[in-house]
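Chain residues, written in single-letter form:
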Amino acid sequence: MSADDSSRAGAGETGPVRVPVALGDRSYDILIGDGLLAEAGRLVRAVLPKARACIVTDETVAARHLDALKAGFDEAGVDAGAVVIPPGEGSKSFPVFESVVDQVIGGRYERGDAVVALGGGVVGDLSGFVAGVVRRGMRFVQVPTTLLAQVDSSVGGKTGINVRHGKNLVGVFHQPDLVLADTAVLDTLSERHFRAGYAEVAKYGLIDDAGFFAWLEETWRQVFAGGPARTRAIAVSCRSKAAIVARDEKETGDRALLNLGHTFGHALEAATGYSDRLVHGEAIAIGMVLAHDFSVRMNLMGPDDAIRVRRHFEAVGLPTRLDQVPGGIPDADGLLALIAQDKKVSRGALTFILTRGIGQSFIARDVPGEAVKAFLHDELAG
Ligand code: GLY
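Residue indices follow the written sequence of each chain, beginning from 1 at its first position. Residue-level local features of this predicted model are given only where pLDDT is at least 70; pairs of side-chain atoms are given and counted only at 80 or more, and the full residue set underlies all totals for whole chains, interfaces and linings. To get the side-chain values, take all heavy atoms of the structure and skip hydrogens and water.

## Let's talk about the overall build of the protein
No. 1: In this description a helix means any DSSP run of H or I spanning at least four residues, a strand means any run of E spanning at least two, and both kinds are numbered starting from the N terminus. On a plain count of helices and strands, the protein comes out with 13 helices and 12 strands.
No. 2: Just to be clear, the radius of gyration here is over C-alpha atoms, and the globule rule we use is 2.2 Å times residues to the power 0.38. Over its C-alpha trace the protein gives a radius of gyration of 20 Å, about what one expects of a compact globule, namely 21 Å for 382 residues.
No. 3: Taken along its principal axes, the extent of the C-alpha atoms in the protein is 60 × 45 × 35 Å.
No. 4: Two residues qualify as a contact provided that any one of their heavy atoms is within 4.5 Å of a heavy atom in the partner residue. Taking as baseline every contact in the protein between residues at least 6 positions apart, the subset at least 24 positions apart corresponds to 73%.

## Thoughts on the pairing of strand β8 (residues 166-170)
For a regular strand, the rule is simple: side chains alternate between the two faces of the sheet.
No. 1: Whether two strands pair comes down to DSSP finding at least two bridges between them. Judged from the 2 bridges that link them, strand β7 (residues 161-163) and β8 form a sheet pairing that is antiparallel. Of the residues in β8, the one forming a bridge with Val163 is Gly166.
No. 2: Turn length for the β7-β8 hairpin, with the two strands adjacent in sequence and antiparallel, is 2 residues.

## Focus: the packing of aromatic side chains
No. 1: Side-chain rings of Phe, Tyr and Trp, where Trp is taken by its six-membered ring, are said to pair if the distance between their centres is within 6.5 Å; with planes under 30 degrees apart they count as stacked, over 60 as edge-to-face, and otherwise as tilted. Tallied over the full model, the rule gives 11 aromatic pairs.
No. 2: Taking the centre distance of 6.3 Å and the plane angle of 75° together, the rings of Phe94 and Phe97 count as edge-to-face. Of the two residues, Phe94 and Phe97 are both situated in helix α3 (residues 94-106); the distance of 3 residues between them amounts to about one turn of the helix.
No. 3: Each residue's exposure class comes from its accessible area (1.4 Å probe, protein chains only) as a fraction of the maximum for that residue type: buried when under 20%, exposed when over 50%, partly exposed otherwise. With a relative accessible area of 13%, Phe97 lands in the buried category.
No. 4: A centroid spacing of 5.5 Å and a plane angle of 85° characterise the contact between Trp220 and Phe224, whose relative ring orientation is edge-to-face. Of this pair, Trp220 and Phe224 are both found in helix α7 (residues 210-225), 4 residues apart, which corresponds to roughly one turn of the helix.

## Let's talk about the side chain of Lys203
No. 1: Mapped onto the elements, Lys203 comes out in helix α6 (residues 191-208).
No. 2: Look past the residues within four positions of Lys203 in its chain and what remains in contact with it is Asp152, Leu258, Leu260, His262 and Met288.

## A closer look at the pattern of salt bridges
Think of it this way: side chains of opposite charge can pair up when their charged atoms draw near.
No. 1: By definition here, a salt bridge exists when the distance from a side-chain nitrogen of Lys or Arg to a carboxyl oxygen of Asp or Glu is within 4 Å. Overall, the coordinates contain 23 salt bridges when judged by the stated rule.
No. 2: One salt bridge in this structure joins Asp378 and Arg297, with 2.8 Å as the shortest N-O distance. Of the two residues, Asp378 is situated in helix α13 (residues 369-381) and Arg297 in helix α10 (residues 280-297); the sequence distance between them amounts to 81 residues.
No. 3: By relative accessible area, which is 38% here, Asp378 ends up partly exposed.
No. 4: Several salt bridges converge on common partners, so that one network encompasses Glu89, Lys92, Asp125 and Lys167.

## Considerations on the packing of α6 against α7
The relative placement of two packed helices comes down to the angle between their axes together with the axis-to-axis distance.
No. 1: Fitted lines through C-alpha atoms serve as axes, helices being fitted only where they are in contact, and the angles separating the N-to-C directions of these axes extend from 0 to 180 degrees. Across the interface, α6 lies against α7 with an axial gap of 7 Å and an inter-helix angle of 160°. One element, α6, and the other, α7, form an angle in the roughly antiparallel class. For α6 against α7, the interelement crossing comes out right-handed. Between α6, through Phe194, Arg195, Tyr198, Val201, Ala202, Tyr204, Gly205, Leu206 and Asp208, and α7, the contact on the second element is made entirely by Ala210, Phe212, Phe213, Leu216, Trp220, Val223 and Phe224.
No. 2: Nonpolar residues are Ala, Val, Leu, Ile, Met, Phe, Trp, Tyr, Cys and Pro. Charged residues are Asp, Glu, Lys and Arg, and all others, Gly as well, are polar. The residue inventory of the contact of α6 with α7, partitioned by class, reads 13 nonpolar, 1 polar and 2 charged. In these notes the angle categories are as follows: under 35 degrees is roughly parallel, over 145 is roughly antiparallel, 65 to 115 is roughly perpendicular, and the rest is oblique. Each crossing is labelled by how the near helix is turned from the far one, with a counterclockwise turn of less than a right angle marking it left-handed and a clockwise turn marking it right-handed.

## Observations concerning the site of the ligand
No. 1: Taken together, Asp152, Ser153, Val155, Gly156, Gly157, Lys158, Lys241 and Arg255 form the complete shell of residues around the ligand.
No. 2: At 2.6 Å, a side-chain N or O of Lys241 approaches an oxygen atom of the ligand.
No. 3: Contact between the ligand and Arg255: an oxygen atom at 2.5 Å from a side-chain N or O atom of the residue.
No. 4: A breakdown of the residues in the shell around the ligand according to their chemical character gives 1 nonpolar, 3 polar and 4 charged. Any residue with a non-hydrogen atom lying within 4 Å of a molecule or strand is treated as near it. Under this definition, polar contacts are N or O atom pairs within 3.5 Å; protein pairs additionally need one hydrogen-donor-capable and one acceptor-capable atom, and for neighbouring residues in sequence, both atoms have to be side-chain atoms.

## Examining the environment of Gln341
No. 1: Within the secondary structure, Gln341 sits in helix α12 (residues 332-341).
No. 2: For Gln341, a relative accessible area of 66% corresponds to the exposed category.

## A short note on the sheet that holds strand β3 (residues 53-58)
No. 1: Taken together, 7 strands build an open sheet; the order of strands is β1-β2-β9-β6-β5-β3-β4 and the sheet is mixed. Because the sheet does not close on itself, it has two edges, and the strands there are β1 (17-21) and β4 (80-85). Geometrically, the sheet is characterised by an average inter-axis angle of 20° between neighbouring strands, direction not taken into account.
No. 2: Taken together, the 5 bridges between β3 and strand β5 (residues 114-119) define a ladder with parallel strand orientation. Each bridged residue has a counterpart across the sheet, and for Ile55 the counterpart in β5 is Val116.
No. 3: With respect to the sheet, helix α1 (residues 36-47) is in contact with β2 (28-33), β5, β6 (139-144) and β9 (178-182), its orientation differing from that of β9 by roughly 165°.

What follows is the structure, encoded as C-alpha cells:
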C-alpha cells in the first residue's frame, strides 16, 4: 500500500488515526477510530471551543446512535440539541431543508455554533447545505455512520439537495471543521450497505493506488470483519480522497477522477428510480467494471486487469453485470440517454473516467457516444 496510516491523534498508539485535509484556512482533520461518539464532545471542543452543537440526524440513526453522541457532548459540557428528519433520499428536498433551517434558527444557534451531521450521505449533504447557508455559514461537523459516508460523502465539502431536474443540483461547497468516523458504528450496518460502501473503498485503489487494490484483494475479509484492517482501509481511502480534494477543491480538474464508475453507475441509479433495487455503491460497482471493460474495448488496456476487478467484486458479493440489476433496465439507447442527462456531459461530448489498468485512471473527454452505445448494446446482449 502506498499510503502511510501511522498518523495518530491524541495520546499514544491507542488514539484515533488522523487524516488531515489540507485546504489552507479551511483545513480540517478526519479522525478515524473505535468509540469516537463517546469522545465527540472533547474532540469538537478542541476544534470549536465555544460552539453549541445542533445535531441533525434521521430517525433510524437516532434510534441507534443519538443517545451515545449526546452523552459524549454532555460529558465535555457541550450544549447539544437534536433535529430528527425522516430517513431516505426524499429528505434531500426543499421541504425538509426548510424545516431543518427553521429548527436551527428557532433553536437560536449562532454562526459560531456547529451543525453536527450524524448519519449517512443524505444527512451529511442536507446538513452541510444548512450549515453552509444559515447565517451565511455556520460551523459544521460530520459524524458519518455508514462506510460510504466515512470514505466518501463526509469528506470534500460538496453539500446539497435534489430537485425535480436531478440529484444534488442545489447546494454549496462548505467544508466541515472536523470529521469523526467511529468505526464501531459500522457494526450496526447491514451487510448489503457495508458491501455497497466497500465499492467506494475499492475505487481508491482503482483510481491511482494499485498496491491498495492488491491489499484489498488479499485482506477484504478482515476489512468486512472489523478491527485494524477496517480502520486501515478507511484511513487509506480518506487519505486518497483528501489528496484529490486538496489539489482540486471545486472540481475543475483531477477531482473528476472520483467519478470512476459513476457515469455508468448514475445512469443505472436513474434507471432504477434511485430505489432500493440498486443502492449507490452497487450501481458504481457495476459502473467500475463497465469502465474497465470499456477501456479494454477502446484498446487502452489488455483484459487482465478488467478481469481482476470483476473477480474481486464478485468475490465480495457486489453486482458486476447489467443483468444483475433487479427489475430490468432500458436498452442501450435508453441508457445512453440517461448518461447524456448526467452532469458529466459538457457541450454534447461525453466525459468518462477511463483507465490504462488498475490504479491508472484518467479523465477522458470527447468519448464518442456511438462507441458507448455499441459497447452497452453488446453488454446487454451478454
Ligand atoms: N461531500 C462529498 C464530497 O465533497 O465529495
